[in-house]
Amino acid sequence: AQSVTQLGSHVSVSEGALVLLRCNYSSSVPPYLFWYVQYPNQGLQLLLKYTSAATLVKGINGFEAEFKKSETSFHLTKPSAHMSDAAEYFCAASEYGNKLVFGAGTILRVKS
Amino acid sequence: EAGVVQSPRYKIIEKKQPVAFWCNPISGHNTLYWYLQNLGQGPELLIRYENEEAVDDSQLPKDRFSAERLKGVDSTLKIQPAELGDSAVYLCASSLGGRSGEAFFGQGTRLTVV
């Protein structure tokens, strides 16, 4: 069965520092991959998606992610953290478009 | 364009009482999902609809949960009777379908069972 693992339930960075949130997937076929962000008491907002067109995907708010098949990874990065980036981030995978399988989430804290 | 609309946003009920959640998907989206999000966890699929048909309800606890999507648009998720362990956020999402599975989420309904 497909699964998604997010390393680190909490990540803390200083404002202006690099953000790196890790995601690994387990799938028998290259899946479609997504990163969603969830602010307190809000639904999930799509940050970016990988659909096999390009391995480096750019999303909203300066985030990007790189698909690495050899490492079965899809890590999320942002060169410079902003206070408004503080939220919970979810990596998700879909094999055939039938449903999204989510990781457990990573809470990002940004220190001033 | 309006997003996925859910109501109510918050609901507090006593155990053993019934509760219902409503979802209006993005116009034109044939696929509708209900996800359950427990505290500190990622969402998990409860049921997926393609138009009016429930095509994946394998994770829906059918002894107490039910769902319907009349006319292939709005959907209602019901719990009867509610248990303490049902306290969670219930998320509705919709998509155009297709292979990618990209879904757009509503703000969710936070259920507290006391």
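Residues numbered from 1 in each chain as written. Chains lettered and ligands numbered in written order. Predicted model: local features only at pLDDT ≥ 70, side-chain atom pairs only at ≥ 80, totals over all residues. Heavy atoms only, no water.

This paragraph deals with the sheet that holds strand β8 (residues 73–78) of chain A. The strands making up a sheet are joined through hydrogen bonds of the backbone, oriented either antiparallel or parallel. All names here are of chain A. Taking strand neighbours across the sheet as the criterion, the 5 strands line up as β1-β3-β8-β7-β6 in an open arrangement whose pairing is antiparallel. One side of each edge strand has no neighbouring strand; the edge strands of this open sheet are β1 (3–7) and β6 (56–58). Put simply, the sheet's adjacent strands are angled 20° from each other on average, direction ignored. Across 5 bridges, strand β7 (residues 64–68) lies against β8 in antiparallel orientation. Residue pairing for β8: Glu 64 is matched across the bridge by Thr 77. (Pairing = 2+ DSSP bridges. Helix = DSSP H or I, 4+ residues; strand = E, 2+ residues; numbered from the N terminus. Axes fitted to C-alpha atoms, helices over the stretch in contact; angles between N-to-C directions.)

Position of Ser52(A) among the secondary structure elements: in the loop between β5 (44–50) and β6. With 15 residues separating them in the primary sequence, Ser52(A) and Phe67(A) have C-alpha atoms 8.7 Å apart.

Turning our attention to the nonpolar core. Nonpolar side chains tend to gather and get buried jointly when the protein is soluble and globular. All names here are of chain A. By size, the foremost hydrophobic cluster in this structure holds 27 residues, and its most contacted members are Trp 35, Leu 48, Phe 74, Leu 76 and Tyr 89. At the level of elements, β2 (10–14), β3 (19–26), β4 (32–38), β5, β7, β8, β9 (87–94) and β11 (106–111) are the ones that each hand at least two residues to this core. Ignoring sequence-local partners within four residues, the contact set of Tyr 89 consists of Gln 6, Leu 21, Trp 35, Tyr 36, Val 37, Leu 47, Phe 63, Leu 76, Gly 105, Thr 106 and Leu 108. (Core = buried A, V, L, I, M, F, W, Y, C linked by side-chain atoms within 4.5 Å. Buried < 20%, exposed > 50% of the residue type's maximum accessible area, 1.4 Å probe, protein only. Contact = heavy atoms within 4.5 Å.)

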